[in-house]
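Given next are the chains, with one letter for each unit.
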Amino acid sequence: MTHSEMLAEVNRELRMRRALWNTVKDQKTGAISFVKLDHQKYYNQMESVKNMLEAMTATEFKTIADRIERQAREKENQTKLF
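Note that the coordinates shown come from a computational prediction; the quantities given were computed from them, not determined experimentally.

(A) Quick look at the overall build of the protein. Counting secondary structure elements, the protein contains 3 helices and 2 strands. When the helices and strands of the protein are listed from N to C terminus, the series reads α-β-β-α-α. The C-alpha radius of gyration of the protein comes to 18 Å, more than 25% above the 12 Å expected for a compact globule of 82 residues. The dimensions of the protein, computed from C-alpha atoms along their principal axes, are 60 × 30 × 15 Å. A buried classification covers 17% of the 82 residues belonging to the protein.

(B) Structural view of the environment of Lys-50. Positionally, Lys-50 belongs in helix H2 (residues 37-55). In sequence terms Lys-50 and Leu-14 are 36 residues apart; their C-alpha atoms lie 9.1 Å from each other.

(C) A look at the packing of aromatic side chains. Tallied over the full model, the rule gives 2 aromatic pairs. On the basis of an interplanar angle of 80° and a centroid distance of 5.7 Å, the ring pair of Trp-21 and Phe-34 is categorised as edge-to-face. Taken together, the residues span a long stretch of sequence, with Trp-21 in the loop between helix H1 (3-20) and strand E1 (23-25) and Phe-34 in strand E2 (residues 32-34) at a distance of 13 residues. An angle of 50° between the planes, with centres 4.9 Å apart, marks the rings of Phe-34 and Tyr-43 as tilted. Residues Phe-34 and Tyr-43 agree in their burial class; the two are buried. Clustering of aromatic rings is evident, with ring pairs tying together Trp-21, Phe-34 and Tyr-43.

(D) Spotlight on the environment of Asn-51. Along the polypeptide, Asn-51 turns up in helix H2. Each C-alpha atom, one on Asn-51 and one on Ile-68, is 21 Å from the other, the two residues being 17 residues apart in sequence.

(E) Focus on the side chain of His-3. In this fold, His-3 is placed in helix H1. Here Leu-53 takes part through its backbone oxygen, which lies 2.8 Å from a polar atom of the side chain of His-3. With near-sequence residues (within four places) excluded, His-3 lies in contact with Leu-53, Met-56, Thr-57, Ala-58 and Phe-61.

(F) Representation of the confidence of the model for the protein within the structure. Averaged over the protein, the pLDDT score is 93; the fraction of residues at 70 or greater is 96%. Confidence, expressed as mean pLDDT per element, reaches its minimum in the protein at helix H3 (residues 58-77) with 92 and its maximum at H2 with 97.

Parameters and conventions
Residues numbered from 1 in each chain as written. Predicted model: local features only at pLDDT ≥ 70, side-chain atom pairs only at ≥ 80, totals over all residues. Heavy atoms only, no water. Helix = DSSP H or I, 4+ residues; strand = E, 2+ residues; numbered from the N terminus. Rg over C-alpha atoms; globule rule 2.2 N^0.38 Å. Buried < 20%, exposed > 50% of the residue type's maximum accessible area, 1.4 Å probe, protein only. Phe/Tyr/Trp six-rings, centres within 6.5 Å; stacked < 30°, edge-to-face > 60°. Polar contact = N/O pair within 3.5 Å; in protein donor to acceptor, adjacent residues only side chain to side chain. Contact = heavy atoms within 4.5 Å. pLDDT = per-residue confidence, 0-100.

Pasting the structure below:
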């Protein structure tokens, strides 16, 4: 998955949560909050992931993705139990 694909997926997830979970709108600020506190917590966490991905360059993302793939290959190639 590429950097832009992952960011798009996080944005889809955030849109889905806003559409499916009950929200209330602050009359003064217009800010939307979720009725259930755990929904608000989960939404905030996903929004933090989005912010991190937005701050990350494509090169930084590729470096991390390559490391994950390398670790998965090493784990598959492990022949010793200890």
